[in-house]
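Next come the chains, spelled out residue by residue.
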Amino acid sequence: EQAGLAEKTRTLLKRNPQRLAFQVALTRTYATFSEQHPQWTGALFDQHFLAHAAAPLLARCLLRSDPPTGAELAATWADHLALSEETRTRRLPEATRVAGDFLATLDRELRNRSELQPLFDSRALDTTAVATTQTAQSTAEIAEEMRLLREELNRLLQQLMAERPADQQNIRNDAPNQGAQGIFNSPVYVGNPPTTTPPARSGTNPFIAGNAVPPERFYGRAAQREHIKNRLGGSVAECVSIVGMRRSGKSSLLRYIRQRIHEFCAPDHLIIVTLDLQDRRFHTPEGITEGLRRGIEQAIGSAPWQRDENSDPWAITDGLEQLRDRGQHLLVLIDEFEQIGRRLDQFQDWGDDWRAKASAGLLALVIATLRPLEEIYTHCGLTSPFGNIFTRTTLGALEPAAWQTLVQDGFAAAGNHLGAGDLPFIHDLAGGLPYYTQLAAAQLWQHGDHARVRVEFTRQATPRFAELWRDLRDDEQRILRHAAGVPGVSVPAGSAALHERLHDDGLLRADGQIFSRAFADFVREQ
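Residues numbered from 1 in each chain as written. Predicted model: local features only at pLDDT ≥ 70, side-chain atom pairs only at ≥ 80, totals over all residues. Heavy atoms only, no water.

Participant: Could you give an account of the environment of Gln328, naming the residues involved and the relevant values?
Facilitator: When you line up the elements, Gln328 lands in the loop between helix 13 (313–325) and strand 3 (329–335). In this structure Gln328 comes out as buried when scored by relative accessible area, which is 19%. Setting aside anything within four residues of it in sequence, one finds Gln328 in contact with His269, Ile271, Ile300 and Leu323. A polar atom in the side chain of Gln328 sits 3.1 Å from the side chain of Arg326. (Helix = DSSP H or I, 4+ residues; strand = E, 2+ residues; numbered from the N terminus. Buried < 20%, exposed > 50% of the residue type's maximum accessible area, 1.4 Å probe, protein only. Contact = heavy atoms within 4.5 Å. Polar contact = N/O pair within 3.5 Å; in protein donor to acceptor, adjacent residues only side chain to side chain.)

Right under this line is the structure:
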């Protein structure tokens, strides 16, 4: 009967079993590799790299005369990432060792496949390798074929096993661990399902990793919101600077202020204009002025000055004074303010002008930046025009109760539950920073298994870690290298203030450790 099943499967799929065995060996190898070297899968030594840039090289594993080496695979990885010469020189030695581990595991898997065993003992090996190279060079086609293979095989087996007695239905269970999706999307499960099957979830994934969250999904920041309320809700609205590293929730807080303005000040006669300086329309002072003009027009139905008057400071000031004299108050929310750093010379006079307008009570500003305003200007050799009209509030890690409630509410909303070790596990990955908490919770929702979640989290967080690392100054990077335990890195005396700053930003925990074990692994590789 099993022979008949094999023949039906072969006929249905029109596949060479040796070709399928090669795919399965690759998948099993990646499953083992991702468990042994999760930091390297996070460093983009991952399925995409192996299935594309490295595929022709891996096909040579079936050539007796010219198998690939760890050095070759590591060099291909470095080329794939376009590493700088300095980074390449520093990272290739360890990458070569890791790549050698991968190739050694793949060789064992290939030799353990009964379908391939005759090939290792015959001259047909080289011919098969040529066909395999052609297979590797058309990876996209293979991926689609393997998806169809899995669907068709599972459908066929379900149909056949439904006709068999229950005690005969466990045909075979030597497929790869589901912890890795498979380089060519090829895991085929026959018989009992693996223990890492993702948990059944009701509803859609409730976590938002990347976009600004709506007010109803905003958690924590009680101290920061109270600070902003005290500044905006006084008898005269004052200006606030919101400072935080990338993905600390600045845009979400600005959205919260706009949509829940009644929590901060009386909304009567209030005009709110939001300007995101990532938008190229606002990359010049003239663009910002036009954005302000249009925002006011949309709010009250009429423009305080005409577009052709954007370069006329008298017309702009007259228009704003008329709004003030009618009892209308203007609040301008500016996101990504550091974008002006690329053209800061153009914005020096603009900053002086807007400071004068704020001081005259014509408008109040809430500005979100990566760095304090004075640092943005100092970096370009200029003096901040804003002086002391701003008070600063910093976004670091969420309060423990806030991020835990965020996670618990997300799981509970659709009747799902957290395991006993899930919250400590998320804290180990995310350290309370909102984006990484959302990302870790989203992966836990999807996959359930902690080992799988750690691999997927690291893979998706690594590009964000790289952005974060580039934003840090050399002295800040040195502090983090020391905290990560990088050999030979010392911290100079008098760095307590810098430690405190990194703690306020959420990058160091109270005990001096890096906020995320995954980020600590990333730092050690830099």
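Don't stop here, the text continues.
Participant: Can you break down helix 10 (residues 222–232) residue by residue, with the values?
Facilitator: Structural remark: α-helix, 3.6 residues per turn; residues separated by three or four positions point the same way. Along helix 10, the residues that are buried comprise Gln224, Ile228, Arg231 and Leu232. The buried residues of helix 10 occupy an angular sector of 90° when projected down its axis, which confines them to one face. On its buried face, helix 10 sits against strand 1 (239–244), helix 11 (250–259), strand 3, strand 4 (364–369) and strand 5 (390–395). (Arc of directions from axis to C-beta.)

Participant: Break down the confidence of the model for the chain for me, citing the residues and quoting the values.
Facilitator: Looking at the chain as a whole, its pLDDT mean stands at 80, while 76% of the residues score no less than 70. Below pLDDT 50 for its whole length, residues 123–131 participates in 15 contacts with residues either more than four positions away or in separate chains. Contacts of residues 160–196 to residues separated by more than four positions or lying in other chains number 83 contacts, the stretch itself having pLDDT below 50. (pLDDT = per-residue confidence, 0-100.)

Participant: Give a description of the pattern of salt bridges that names residues and reports values.
Facilitator: Enumeration over the complete set of coordinates arrives at 31 salt bridges. Between Arg464 and Glu467 there is a salt bridge; the shortest N-O distance is 3.2 Å. Taken as a pair, Arg464 and Glu467 lie in helix 19 (residues 450–471) at a separation of three residues, close to a single helical turn. Overall, the relative accessible area of 21% leaves Arg464 in the partly exposed class. Two residues, Asp505 and Arg501, come together in a salt bridge whose shortest N-O distance is 3.3 Å. We classify Arg501 as buried; its relative accessible area is 19%. (Salt bridge = Lys/Arg side-chain N within 4 Å of Asp/Glu carboxyl O.)

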